[in-house]
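What follows is the residue order along each chain.
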Amino acid sequence: MLEDQLDRAFPDLAEIRDKRLRGLVGELWRSVSERNPVHTDIERIPTHPLFPIERHGSLANHIRGQMAVSKTLVPTYMREWRIELSLDHFLATAAIHDAAKVVEFVEQDGKLVATPGFDHALVAGRLARDLGFPPEIAHMVAVHTYVGPMRLPRSRAAQLFQYLDPLCLPVFPEHGKSSVERHLEANHWSVAAPPDDVP
Ligand SMILES: [Fe+2]
Ligand SMILES: [Fe+2]
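Rules of the game
Residues numbered from 1 in each chain as written. Chains lettered and ligands numbered in written order. Predicted model: local features only at pLDDT ≥ 70, side-chain atom pairs only at ≥ 80, totals over all residues. Helix = DSSP H or I, 4+ residues; strand = E, 2+ residues; numbered from the N terminus. Buried ≥ 20, exposed ≤ 12 C-beta atoms within 10 Å, placed from the backbone. Expected span 1.5 Å × (residues − 1). Bend = angle between axes of the 7 residues up to and from the residue. Contact = placed C-beta atoms within 7 Å. Core = buried A, V, L, I, M, F, W, Y, C linked by C-beta atoms within 7 Å.

Notes on the environment of Gly23
Within the secondary structure, Gly23 is located in helix 2 (residues 19-35). Gly23 sits in the exposed class, given 12 other C-beta atoms within 10 Å.

What follows is the structure, given as structure tokens:
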């Protein structure tokens, strides 16, 4: 079961001080895993079926990256700008924000495919709310992506987490479309080329 692999995959979960919150992370993973048991190894889930793990890293790499950056980001905002953020909230959000991809990515003719129209952010956000996560975390999860309908973050933490998401996805223009381009195009925004005189 995927939830049994969480502690090994994400050692930074041990830094979440609120024990109940740590338990809820496990509950959420159990819930998505039960809905689609096709995923049995947490290290073998891609960030998207179109992005091979060998080139772009796995969902677990994405989450570990977010946890590592959060451990620097949260104290930096406090130190430099006196903005208080909860490291517990950032670590828990990183751990669960993409967990609904376990439900979204299904097997079809022996291949992993994404379910069309599936809104993994909204599904995980609702699941978090229903399981009893703090509403601030459910909101951070629900608005974490630019893909799909435009959702504005209502908190500083949610806004920062929106930045953190593409930052921890090594999808660069030389690999095809960058994560930022994909986000913009998903909302039918055009991507302008820089003027010729800009290096
Ligand atoms: Fe996501
Ligand atoms: Fe993500």
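On we go from here.
A closer look at helix 4 (residues 59-81)
Because each turn of an α-helix spans 3.6 residues, side chains separated by three or four positions in sequence point in the same direction. Here helix 4 contains 23 residues, and its C-alpha end-to-end distance of 31 Å stays within 8% of the 33 Å for a straight helix at 1.5 Å per residue. Bending of helix 4 peaks at approximately 30° at the position of Ser70. Taken residue by residue, helix 4 has Leu59, Ala60, His62, Ile63, Gln66, Met67, Ser70 and Val74 as its buried positions. Looking at the buried positions of helix 4, the neighbouring elements they touch are helix 1 (6-9), helix 5 (87-96), helix 6 (101-104) and helix 9 (156-167). Phi turns positive, to about 55°, at Arg82, one or two residues after helix 4.

Topic: the nonpolar core
Core analysis: the largest hydrophobic core is formed by 47 residues, its most contacted members being Val25, Leu28, Ala95, Ile96, Ala128 and Val141. Not counting the four nearest positions on each side in its chain, Ala95 is found in contact with Phe10, Leu13, Val25 and Ile63.

Let's talk about unusual backbone geometry
Even without being a glycine, Arg82 presents a positive backbone phi close to 55°. With respect to the element layout, Arg82 can be found in the loop between helix 4 and helix 5. Positive phi outside glycine occurs at Asp109, with the angle close to 50°. Judged by the 5 C-beta atoms lying within 10 Å of it, Asp109 is exposed.

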